[in-house]
Amino acid sequence: MKNSLTIFKRELKSYFTSPVAYIIIVVFLIITGWFFTSNLFVAGVITMRSVFDIVPFILLFYIPAISMRTFSEEKKSGTIELLLTKPISDFEIVIGKFLSTLTLAALTLVPTIVYVISLKTLGPVDFGSIISAYIGLVLMSGIYVSVGLFASSLTENQVVAFIVSFLVIFILFMLNKILVYVPAPLVSMLEYISSDYHFSSIARGVLDTKDLIYYFSGMSILLLLTKTSLESRKW
Amino acid sequence: MSIKVENLSKFYGTQQAVKDISFEVKTGEIVGFLGPNGAGKSTTMKMITTYLTPNNGSILVNDIDAQENPIDVRRKIGYLPEQNPLYQEMNVVDYLKYTAELQSVPKENIPDAVKKMIKVCGLEEVKHKDISELSKGYKQRVGLAQAMIHNPDVILLDEPTSGLDPNQIIEIRKLIRDLGKHKTLMLSTHILQEVQATCDRVIIINNGEIVADGTTDSLQKSFQGQLNIHIIIKKDPKYGRDKLVSALETIKNVEKVKIISDDENSWTVDLTATKGIDVREEIFRKIVSLDMVLLELHQDETSLEDIFRKLTT
């Protein structure tokens, strides 16, 4: 785990040595801010609902964008060879990269706490469901980041990595919205695979183990797939 | 501090990149791994570093099996991959620290290890610069520094001087010689002078097979006496390439005939004669009898370059 931490630190730092992370965070805040204020001032409702409704949509693009370079860039520049010939296991590398990308995603959410604070000055807010929704967003980001890492480990082309992870995430997200077109026996299964289904139940303030199991098992499977994809160089 | 490779094979799909090779590199040796591009040098090195897994055969580094204990083997090895990949956005000191950490150098020794490498590799002036800003020569030094920061027993350098200017090449070669004094060092190259300038021993590989293995002196000696005749013949519409070659092959004591260039007006041909026999006169007479025009003929003794060319074409 020490090695994962070393990689984690380097990766996180590299996000912030280039302007990319800052630009992405600013864009993220502008979009959520617009939804937050328009709801507050136009509709006159004191709620974080509008923010929590829009963030899953932003994540569809945002997570592929921050995770596409994780392995693709190293494959392209050849630094992957340096990394994979160090005395560390492939899985430690995957974990280090996963944690750094997820941390960046979580850090992006931090400034939105300002919205919660400003709501607090205007009236009563339900902290329970807000905290629960934040946890839901981080878990959702977690599963998307795992998809992003896997896609990135498949190719040295960042654009391909972006498109593949976007597609997979989009399908995961949309599954519970197309249930009317699906034969009845498949409904509950597709619903369970859908990332948004679990998020909406968490965002209502209910932290069910069923949802947690979904997120954690999903992440584990995808990270193991990523590790396998790294090992495929040896086949 | 040794590398022992036995019956190593590697396939990429159906193509066999490395064919059943065996060799040993002993403690303190500097071995040049020489071959044309695509001969299987990098593939072999990648297998020693455990980046790739061989389809067949075994690799022992310090008597540790590379397939059974890859992590232990990696600890013993310092590796500079081809093209010298580096994290361009990091500065030199941060990058070396990062490498040291990943190589599990004890935390308290890292500052000293970094300082030492900066000194040995002459990076003092640029240590706070981003790697992307460095010249190619300095980048190569950073690559060497990262390969040796954990004081490995075995150092593998894949084309360490490619893309450098002549002055940088001399500097890097000197650095390699100094660093290799107490280590087992293996470097791959397709440049002959490099082997002559830095290595004690040379392994020549072609099409995935080892075609020669020995000290540069012994190789030269074993090929000595064999004479190389170089001729240029004016083209004649009466004779095609093949006809010329077969005619020349009929000369007594000529062992090998090869057209090395074929331009508008002339053919350049290399001939190898049986040891110790002068065939120049025979060649001249043959060409005259064919009613062709001999433009040039000279004979030279085998250099390492000739050995290389003979073995790899």
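Residues numbered from 1 in each chain as written. Chains lettered and ligands numbered in written order. Predicted model: local features only at pLDDT ≥ 70, side-chain atom pairs only at ≥ 80, totals over all residues. Heavy atoms only, no water.

**Let's talk about the overall build of chain A**
In terms of regular secondary structure, chain A is built from 12 helices and zero strands. Tracing chain A from N to C terminus, the helices and strands come up as α-α-α-α-α-α-α-α-α-α-α-α. Relative to its length of 235 residues, chain A is compact, with a C-alpha radius of gyration of 19 Å against a globular reference of 18 Å. Projected onto its principal axes, the C-alpha coordinates of chain A cover approximately 60 × 50 × 30 Å. Sorting the 235 residues of chain A into buried and exposed places 52% on the buried side. Restricting the contact set of chain A to residue pairs at least 6 apart, pairs at least 24 apart contribute 74%. Of the roughly 10500 Å² of accessible surface on chain A, 76% is carried by carbon and sulfur atoms. When the 17 positive and 14 negative side-chain charges of chain A are each reduced to one mean point, those points stand 5 Å apart. (Helix = DSSP H or I, 4+ residues; strand = E, 2+ residues; numbered from the N terminus. Rg over C-alpha atoms; globule rule 2.2 N^0.38 Å. Buried < 20%, exposed > 50% of the residue type's maximum accessible area, 1.4 Å probe, protein only. Contact = heavy atoms within 4.5 Å. Areas by Shrake-Rupley, 256 points an atom, 1.4 Å probe, with all protein chains shown as cover. Lys, Arg positive; Asp, Glu negative; His and termini not counted. Charge placed at Lys NZ, Arg CZ, Asp CG, Glu CD.)

**Notes on the interface of chain B and chain A**
If you look at the interface, chain B gives 26 residues, while chain A gives 26 residues. For the chain B and chain A pair, buried surface summed over both sides reaches about 2400 Å², with 56% attributable to carbon and sulfur atoms. In terms of surface lost to chain A, no three residues of chain B exceed Y51, R74 and L102 of chain B, which account for 30% of the buried area on that side. On the surface where chain B and chain A come into contact, there are three salt bridges. A salt bridge links E81 of chain A to K46 of chain B, with the nearest nitrogen and oxygen atoms 3.8 Å apart. Counting the contacts that link chain B with chain A gives nine residue pairs in polar contact (both at pLDDT 80 or more). Of all the secondary structure elements, the ones that give two or more residues to the side of chain B that touches chain A are helix 2 (70-76) and helix 3 (92-102) of chain B. Its residues placed into classes, the side of chain B that touches chain A shows 12 nonpolar, seven polar and seven charged. (Buried area = accessible area lost by both parts, 1.4 Å probe. Salt bridge = Lys/Arg side-chain N within 4 Å of Asp/Glu carboxyl O. Polar contact = N/O pair within 3.5 Å; in protein donor to acceptor, adjacent residues only side chain to side chain. Nonpolar A, V, L, I, M, F, W, Y, C, P; charged D, E, K, R; others polar.)

**Regarding a nonpolar patch on the surface**
Residues and elements named next belong to chain A. Residues I23, V26, V27, I30, I31, W34 and F35 make up a contiguous nonpolar surface patch of about 660 Å² in total accessible area. One can find W34 in helix 2 (residues 20-43). By relative accessible area, which is 55% here, W34 ends up exposed. (Patch = residues over 30% accessible without salt bridge, like charges linked within 9 Å, V, L, I, M, F, W, Y side chains within 5 Å.)

**A closer look at the sheet that holds strand 3 (residues 30-34) of chain B**
Residue and element names in this part refer to chain B. Pairing in this open sheet of six strands is mixed, and the strands run 6-7-8-3-9-10 from one edge to the other. Sheet topology places strand 6 (77-80) and strand 10 (209-215) at the edges, where each strand pairs with a single neighbour. In this sheet, adjacent strand axes meet at a mean angle of 15 degrees when their direction is disregarded. Note that strand 6 and strand 7 (residues 154-158) share four bridges and pair parallel. (Pairing = 2+ DSSP bridges. Axes fitted to C-alpha atoms, helices over the stretch in contact; angles between N-to-C directions.)

**Quick look at the pattern of salt bridges**
Any two side chains of opposite charge can pair, given that their charged atoms come close. Residue and element names in this part refer to chain B. Tallied over the entire structure, the rule returns 21 salt bridges over all chains. Of the charged contacts, one joins E171 and R141 as a salt bridge, the two residues approaching to 2.4 Å between their closest N and O atoms. With E171 in helix 6 (residues 166-179) and R141 in helix 5 (residues 136-148), this pair connects stretches of sequence that are 30 residues apart.

**A word on the sheet that holds strand 4 (residues 56-61) of chain B**
Residue and element names in this part refer to chain B. Spatially, the four strands line up as an open sheet ordered 2-1-4-5, and their pairing is antiparallel. Only two strands of the sheet have a single partner each, and these edge strands are strand 2 (15-25) and strand 5 (64-65). Looking at chain direction, strand 1 (residues 3-12) and strand 2 are connected through seven bridges and run antiparallel. Bridge pairing in strand 2 links K4 to E24. Across the sheet, helix 1 (residues 41-48) lies against strand 1, strand 2 and strand 4, angled at about 120 degrees from strand 1, the strand it touches most.

**Section: the domain arrangement of chain B**
When the parts of a complex come together, some accessible area is lost, and that lost area is often taken as the interface size. All names here are of chain B. Looking at chain B, the domain boundaries give domain 1 (3-222) and domain 2 (225-312). Just the C-alpha atoms count here: the centres of domain 1 and domain 2 sit 39 Å apart. Between domain 1 and domain 2, the buried area comes to about 990 Å², and carbon and sulfur atoms account for 75% of it. Counting every contact that joins domain 1 to domain 2 gives zero salt bridges. (Domains from an automatic or database assignment.)

**Observations regarding the environment of T6 of chain A**
The topology assignment puts T6 of chain A in helix 1 (residues 2-17). Considering only alpha carbons, one finds T6 of chain A and E92 of chain A, 86 residues apart in sequence, at a separation of 9.9 Å. In this structure, T6 of chain A is in contact with Y98, E101 and L102 of chain B, ignoring residues within four places of it in sequence.

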